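Structural overview
For reference, the chains in residue letters:
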Amino acid sequence: MAENKLAIFASGSGTNAEEFFRYFNHHPFIKIGALLSNNPEAFALKRADNYGIPVNVFSKNSFYKSDETLKYLRIKEISHIVLAGFMWLVPENIIYGYKNRIYNIHPALLPKYGGKGMYGDIVHRAVIENGESYSGITIHYVNNKFDEGKIIFQEKCPVLHDDKPESLAVRIHQLEYAHYPRVIEEVISGKIQ
Ligand code: GAR
């Protein structure tokens, strides 16, 4: 199979991003080509540095009002984009340039608990406050609306009676690490759609 190069977009800590760096280190046909962030303080940038992965930080203006990010992705010969804790909507020029090759992970069972402003612990708090017995993860294609692209994969986990957002987040993160890189590998290999 021809080489595929992923760009990871992350806004914060980047533990999922690091799982990708680890999983695809020395992979036969998938490489990590770059880590991009809207946040110059994102710890994800340091994690990328440690793996020798090129980083790119962009401003809101350049992301939404220019083709700079798209140009950077082309220069790096990126074939697919993985959002891993990335909090901004992806603009049309990138959605169009990477049609059906942009993926996101959401820390809940979509279509519930998705949409603008639903990220990280805000999602977990809402799940707990609504008395849900289960939460989980959703891996999906990205389109021009928050969390509405076609679902590729979901896995659930229990919500325990004494869960706080932080304890549920730990369980959800474990699910994310166990599945996200593998599911993307299978999508790129054509094993699942
Ligand atoms: C992850 O749990 C991811 O599912 C979530 O942000 C976290 C990032 O953690 N994404 C969203 O909430 C998107 N709406 P990380 O920076 O440690 O990978």
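Notes on the structure follow. Fair warning: this is a prediction, and the values are worked out from it, not measured in the lab. Throughout this document, residue positions are counted from 1 along each chain, in the order its sequence is written. Whole-chain, interface and lining totals are the exception, using all residues; otherwise, since this is a predicted model, local features are given only for residues with pLDDT of at least 70 and side-chain atom pairs are given and counted only at 80 or more. Only hydrogens and water are set aside; all other atoms, that is, all heavy atoms of the structure, feed into the side-chain values.

Put simply, a residue is near a molecule or strand once any heavy atom of it comes within 4 Å of that molecule or strand. The ligand sits among 14 residues. The nearest are Gly 14, Thr 15, Asn 16, Gly 120 and Glu 176. Identification of polar contacts relies on pairs of N or O atoms within 3.5 Å, with a donor-acceptor requirement for protein atoms, meaning one able to donate a hydrogen and the other able to accept it, and with residues adjacent in sequence counted only if both atoms are side-chain atoms. Thr 15 is positioned with one of its side-chain polar atoms (N or O) 2.5 Å from an oxygen atom of the ligand. At a separation of 3.0 Å, an oxygen atom of the ligand approaches a polar backbone atom of Gly 120. The method behind every accessible area is Shrake-Rupley, applied with a 1.4 Å probe, and residues are considered shielded solely by the protein chains displayed. In isolation the ligand exposes 450 Å². Once the protein is present, 91% of that is buried.

Attention now moves to a nonpolar patch on the surface. The patches reported here contain residues having more than 30% relative accessible area and no salt bridge. Joining distances are 9 Å for like charges and 5 Å for nonpolar side chains (Val, Leu, Ile, Met, Phe, Trp, Tyr). Should a side-chain nitrogen of Lys or Arg be within 4 Å of a carboxyl oxygen of Asp or Glu, the pair is scored as a salt bridge. On the surface, a nonpolar cluster with roughly 260 Å² of combined accessible area is contributed by Met 87, Tyr 119 and Ile 122. A run of H or I in DSSP counts as a helix once it spans at least four residues, and a run of E counts as a strand once it spans at least two, with each numbered from the N terminus. With respect to the helices, strands and loops of the structure, Ile 122 is situated in helix 6 (residues 120–129).

Quick look at unusual backbone geometry now. Note the cis peptide between Leu 110 and Pro 111, where omega equals 15 degrees. The backbone of Glu 77 shows a phi angle near 55 degrees, a positive value even though the residue is not glycine. Tracing the chain through its elements places Glu 77 in the loop between helix 4 (68–75) and strand 4 (80–83). The rule is simple: take the accessible area with a 1.4 Å probe, protein chains only, and divide by the maximum for that residue type; under 20% is buried, over 50% is exposed, in between is partly exposed. For Glu 77, a relative accessible area of 60% corresponds to the exposed category.

On to helix 6. Taken together, the buried positions of helix 6 are Val 123, His 124, Ala 126 and Val 127. Within helix 6, the buried residues cover an arc of 160 degrees as seen down the axis, which keeps them to one side. The contact rule is simple, with two residues in contact once any of their heavy atoms fall within 4.5 Å. Those residues of helix 6 that are buried lie in contact with strand 5 (102–106), strand 6 (134–141) and helix 7 (165–188). Count one or two residues on from helix 6 and you reach Gly 131, which has phi positive near 70 degrees. The directions considered for the arc run from the helix axis to the C-beta atoms.

Attention now moves to the packing of helix 1 (residues 15–23) against helix 7. Two elements in contact, helix 1 and helix 7, have axes separated by 10 Å at closest approach and are oriented at 45 degrees. Considered as vectors, helix 1 and helix 7 are oriented oblique to each other. In this structure, helix 1 meets helix 7 at a crossing whose hand is right-handed. Every residue of helix 7 that contacts helix 1 at Thr 15, Asn 16, Glu 19, Phe 20 and Tyr 23 is listed here: His 173, Glu 176, Tyr 177, Tyr 180, Pro 181, Arg 182, Ile 184 and Glu 185. Gly falls in the polar group here, along with every residue not listed as nonpolar (Ala, Val, Leu, Ile, Met, Phe, Trp, Tyr, Cys, Pro) or charged (Asp, Glu, Lys, Arg). Across the contact of helix 1 with helix 7, the residue classes tally to six nonpolar, three polar and four charged. Note on geometry: axes are lines fitted to C-alpha atoms, helical ones only across the stretch in contact, with angles between N-to-C directions running from 0 to 180 degrees. With respect to orientation, any angle under 35 degrees is reported as roughly parallel, any angle over 145 as roughly antiparallel, any angle of 65 to 115 as roughly perpendicular, and every other angle as oblique. Helix crossings fall into two classes, left-handed where the near helix is turned counterclockwise from the far one by less than a right angle and right-handed where it is turned clockwise.

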